[in-house]
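For reference, the chains in residue letters:
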Amino acid sequence: MTMLVPDRIVRLRTVLVRTGLSRSTIYRKIAEGSFPAQLKISMNGSGWHESDIDCWIANPAGWRPPETLTERRRAGHA
């Protein structure tokens, strides 16, 4: 039986260290769609799925946001 490892939520400070990007660059790339968007985790806090950051680090130039179910339906793939 395979155990699924829960995806950790990492905060901005960790994302900055792991990517080497500045805060303003991260938010600019989010707006451009070339960096994973953060999740709202509390009233005043946000974070990222660690797996999303890992995928971006593995291929920053080729990273694209995951296709949503709505987009797949529009394209006739779901």
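Residues numbered from 1 in each chain as written. Predicted model: local features only at pLDDT ≥ 70, side-chain atom pairs only at ≥ 80, totals over all residues. Heavy atoms only, no water.

### Description of helix 1 (residues 12-19)
Inspection of helix 1 places Leu-12, Val-15 and Thr-19 among the buried residues, and these make up the whole buried set. Buried residues along helix 1 cover an arc of 60° about the axis, so they all sit on one side. Along helix 1, exposed side chains directed more than 90 degrees from the buried face belong to Arg-13 and Val-17. In the core, the buried residues of helix 1 are packed alongside strand 1 (9-10), helix 2 (23-32), strand 3 (46-49) and helix 3 (50-58). Phi for Gly-20, located one or two positions after helix 1, is positive at around 80°. (Buried < 20%, exposed > 50% of the residue type's maximum accessible area, 1.4 Å probe, protein only. Helix = DSSP H or I, 4+ residues; strand = E, 2+ residues; numbered from the N terminus. Arc of directions from axis to C-beta. Contact = heavy atoms within 4.5 Å.)

### Observations concerning the sheet that holds strand 2 (residues 39-40)
If you walk across this open sheet you meet the three strands as 1-3-2, and the pairing is antiparallel. Sheet topology places strand 1 and strand 2 at the edges, where each strand pairs with a single neighbour. Of the pairings in the sheet, the one linking strand 2 to strand 3 comprises two bridges and is antiparallel in character. Within strand 3, the position partnered with Lys-40 by the bridge is Ser-46. Along the sheet, helix 3 contacts strand 1 and strand 3; its crossing angle with strand 3, the most-contacted strand, is approximately 60°. (Pairing = 2+ DSSP bridges. Axes fitted to C-alpha atoms, helices over the stretch in contact; angles between N-to-C directions.)

### Here's the deal with helix 2
Looking at helix 2, one finds that the buried residues are Thr-25, Ile-26, Lys-29 and Ile-30. Down the axis of helix 2, the smallest arc covering the buried residues is 140°, so these residues share one side. Away from its buried face by more than 90 degrees, helix 2 exposes Arg-23, Ser-24 and Ala-31. Each element contacted by the buried residues of helix 2 is listed here: helix 1, strand 3 and helix 3. Looking one or two residues past helix 2, Gly-33 carries a phi angle of roughly 85°, positive in sign.

### A word on the packing of aromatic side chains
All chains considered together, the criterion is met by one aromatic pair. Taking the centre distance of 5.0 Å and the plane angle of 65° together, the rings of Phe-35 and Trp-56 count as edge-to-face. Of this pair, Phe-35 sits in the loop between helix 2 and strand 2 while Trp-56 sits in helix 3, and the two are 21 residues apart along the sequence. For the pair Phe-35 and Trp-56, one class covers both residues: buried. (Phe/Tyr/Trp six-rings, centres within 6.5 Å; stacked < 30°, edge-to-face > 60°.)

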